Structures are given as C-alpha cells and as structure tokens.
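Breakdown of the fold
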Amino acid sequence: MKLLLDSHIVVAVIHNQLVRYGNVLAQHVQAPENAKFVSAASLWELAIKHRLSKLELQVPIENVPSFLSSLGFELLNIDHHHAIEE
C-alpha cells in the first residue's frame, strides 16, 4: 500500500503518538511493506509553524528529513509542474 502522509501524521510519527489517530492508521504507517511518502510541502508547513513558535518538535527541525528517511519514509520533492498540474 502507498501512503502519502500529511503534516499531522508526520508530527504524530515524530512524537511517537500515531495511535491517537487510531490503531488501524498506526498499523498501516508502521507496516514495513507499505510505502510511506511525505511531501516537501508538509515539511515546509512544519518548518513555518516551528519558526512561528506554533509547533514544538521532539526532533530538531533541521533533522526531520533525515529522521523520516531513517524510518523508511520517502521524501517527495515538488516543483512548478506540480503546482499547475490539473
């Protein structure tokens, strides 16, 4: 299964609180056979909220990409083609 995780789920992963979104979701995200993706847009959102002091993270913001990669999450780049694609 392919999973595109939004920023709320990424924060839950960072804080080890996936079960607050339900056991089924936690099982899917933790299943090694599932491909997990995080968009650069979600990381951008986390960074903005962190800089505005609206979000505290248990991992330094600059380490979030490598932290997610170490858990097997693939980081997706975005470019202008994505912004205008229909």
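Residues numbered from 1 in each chain as written. Predicted model: local features only at pLDDT ≥ 70, side-chain atom pairs only at ≥ 80, totals over all residues. Heavy atoms only, no water.

**Focus: the overall build of the protein**
When helices and strands are tallied, the protein shows five helices and three strands. Secondary structure elements of the protein, listed N to C terminal, follow the sequence β-α-α-β-α-α-β-α. The C-alpha radius of gyration of the protein comes to 13 Å, within 12% of the 12 Å expected for a compact globule of 86 residues. Considering only C-alpha atoms, the protein reaches an extent of 35 × 35 × 20 Å along its principal axes. Across the 86 residues that make up the protein, the buried fraction comes to 34%. Of the contacts formed within the protein by residues at least 6 apart in sequence, a portion of 71% connects residues at least 24 apart. Total accessible area on the protein is roughly 6000 Å²; 55% of this is exposed by carbon and sulfur atoms. (Helix = DSSP H or I, 4+ residues; strand = E, 2+ residues; numbered from the N terminus. Rg over C-alpha atoms; globule rule 2.2 N^0.38 Å. Buried < 20%, exposed > 50% of the residue type's maximum accessible area, 1.4 Å probe, protein only. Contact = heavy atoms within 4.5 Å. Areas by Shrake-Rupley, 256 points an atom, 1.4 Å probe, with all protein chains shown as cover.)

**A look at the pairing of strand E2 (residues 35-39)**
Burial analysis of E2 places four of its five residues in the buried class, the great majority of the element. Pairing of strand E1 (residues 2-5) with E2 involves four bridges; the strand directions are parallel. Bridged to Leu5 within E2 is Val38. Across four bridges, E2 lies against strand E3 (residues 73-76) in parallel orientation. Among the inter-strand pairings, Lys36 is bridged to a residue of E3, identified as Phe73. (Pairing = 2+ DSSP bridges.)

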